[in-house]
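# Structural overview
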Amino acid sequence: LGLDFKASLSSTSTSSKASKPSKSPSSRTIPNIPNTTLEFRKRIEDVCAFYGKATGRTDVITKDFISSTAARVMQAIRIEVNSELDVLDTLLASLPAALAPGGRVVILTFHSGEDRRVKQAFKKGCNDGIYMATSREVGRATEEERKLNPRSKSAKLRWAIRA
C-alpha cells in the first residue's frame, strides 16, 4: 500500500508560499495531507478514537471497527478516483448492442453500489424486452469458497440473456 496522496493531489494544491488564498480548488493549499496509506489509516484511527471518546461509544475504537472503516474509506476513494460507477453505467448502457440475440452476460459485483446498478439495468432491460431472462436470485460464494478466498465474501453474481 504505497499510494502517495500528495503526488495524486499535486495538481490541486500549490506551494504553501502563496500570499493570498484563492477560492478556486485548483489553487488552494491543502494542509497536512498524509504521505502514505498507512498515515491515512492512522488518521482514520485517530478520528474513530476521538469520536468514541467524545460520544462515549467504545464500539468505534475496536480494531475491527477501525479496519472496516478504513477499508470503506479507501474503497470510496478508489471508486471515485477511477470513476468506477460511471464506467459501469457506460458498460451497462452499451451491453445490449454488444450482445447477439441469445447472448449471455455475467457480471460480478463487489459492493452494493455496483450491484444495485446492475440489478436495476437488468430489470429495466427485461421490462423493455432487451433481455429475455435475468437472474432472479443473486449468486453468492459458498462457505467453502469464502474460506479459501476471503475476497469472494462480498461478491455477487448476476446474469442476463439478450432477447
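Shown above is the structure to which this text applies.
Residues numbered from 1 in each chain as written. Predicted model: local features only at pLDDT ≥ 70, side-chain atom pairs only at ≥ 80, totals over all residues. Heavy atoms only, no water.

## Examining the overall build of the protein chain
Along the backbone of the protein chain there are six helices and four strands. Relative to its 163 residues, the protein chain shows a buried fraction of 24%. (Helix = DSSP H or I, 4+ residues; strand = E, 2+ residues; numbered from the N terminus. Buried < 20%, exposed > 50% of the residue type's maximum accessible area, 1.4 Å probe, protein only.)

## Description of the pairing of strand β1 (residues 104-109)
Of the two faces of β1, the one lined by Val 105, Ile 107 and Thr 109 is fully buried and the one lined by Arg 104, Val 106 and Leu 108 carries no buried residue. Pairing geometry for β1 and strand β4 (residues 156-162), over six bridges, is antiparallel. The residue bridging Ile 107 from the neighbouring strand is Arg 158, located in β4. (Pairing = 2+ DSSP bridges.)

## Side note on the pattern of salt bridges
Side-chain pairs of opposite charge can arise where the charged atoms are in close proximity. Going through the model one piece at a time under the given rule, you end up with nine salt bridges. With its nearest N and O atoms 2.8 Å apart, the salt bridge here joins Arg 78 to Glu 84. The class of Arg 78 is partly exposed, set by a relative accessible area of 38%. Taken together, the salt bridges that share partners define one network made up of Asp 115, Lys 156 and Arg 158. (Salt bridge = Lys/Arg side-chain N within 4 Å of Asp/Glu carboxyl O.)

## Quick word on the packing of aromatic side chains
As enumerated under the stated definition, the model contains one aromatic pair in all. Taken together, a centroid distance of 5.5 Å and an interplanar angle of 70° make the contact between Phe 122 and Tyr 131 edge-to-face. Side by side, Phe 122 and Tyr 131 carry an identical accessibility label, which is buried. (Phe/Tyr/Trp six-rings, centres within 6.5 Å; stacked < 30°, edge-to-face > 60°.)

## Examining helix α2 (residues 37-55)
Spanning 19 residues, α2 covers 27 Å between terminal C-alpha atoms, matching the ideal 27 Å at 1.5 Å per step. Residues of α2 that are buried: Thr 37, Phe 40, Ile 44, Cys 48 and Gly 52. In a view along the axis of α2, the buried residues occupy a sector of 115°, so they form one face of it. Seen from the buried face of α2, the exposed residues on the opposite side, beyond 90 degrees, are Leu 38, Phe 50, Lys 53 and Ala 54. Immediately downstream of α2, the backbone of Gly 56 shows phi near 80°, a positive value. (Expected span 1.5 Å × (residues − 1). Arc of directions from axis to C-beta.)

## Focus on the nonpolar core
Nonpolar side chains tend to gather and get buried jointly when the protein is soluble and globular. Leu 88, Leu 92, Leu 95, Leu 99, Val 105, Ile 107, Val 118, Phe 122, Tyr 131 and Ala 160 together form the largest nonpolar core, which totals 10 residues. Among the elements of the structure, α4 (84-98), β1 and α5 (112-127) are those that each provide at least two residues to this core. The biggest single contributor to this core is α4, with three residues. Residue contacts for Phe 122: discarding those within four places in its chain leaves Leu 92, Leu 95, Val 105, Ile 107, Tyr 131, Thr 134, Arg 158, Trp 159 and Ala 160. Formed by five residues, the second largest nonpolar core is a distinct cluster that contains Phe 40, Ile 44, Cys 48 and Ile 66. (Core = buried A, V, L, I, M, F, W, Y, C linked by side-chain atoms within 4.5 Å. Contact = heavy atoms within 4.5 Å.)

## Focus on a nonpolar patch on the surface
The grouping of Val 106, Leu 108, Phe 110, Leu 157 and Trp 159 at the surface amounts to a nonpolar patch, some 440 Å² of accessible area in total. Breaking the nonpolar patch down by element, the ones donating at least two residues are β1 and β4. As for its position among the elements, Leu 157 is in strand β4. (Patch = residues over 30% accessible without salt bridge, like charges linked within 9 Å, V, L, I, M, F, W, Y side chains within 5 Å. Areas by Shrake-Rupley, 256 points an atom, 1.4 Å probe, with all protein chains shown as cover.)

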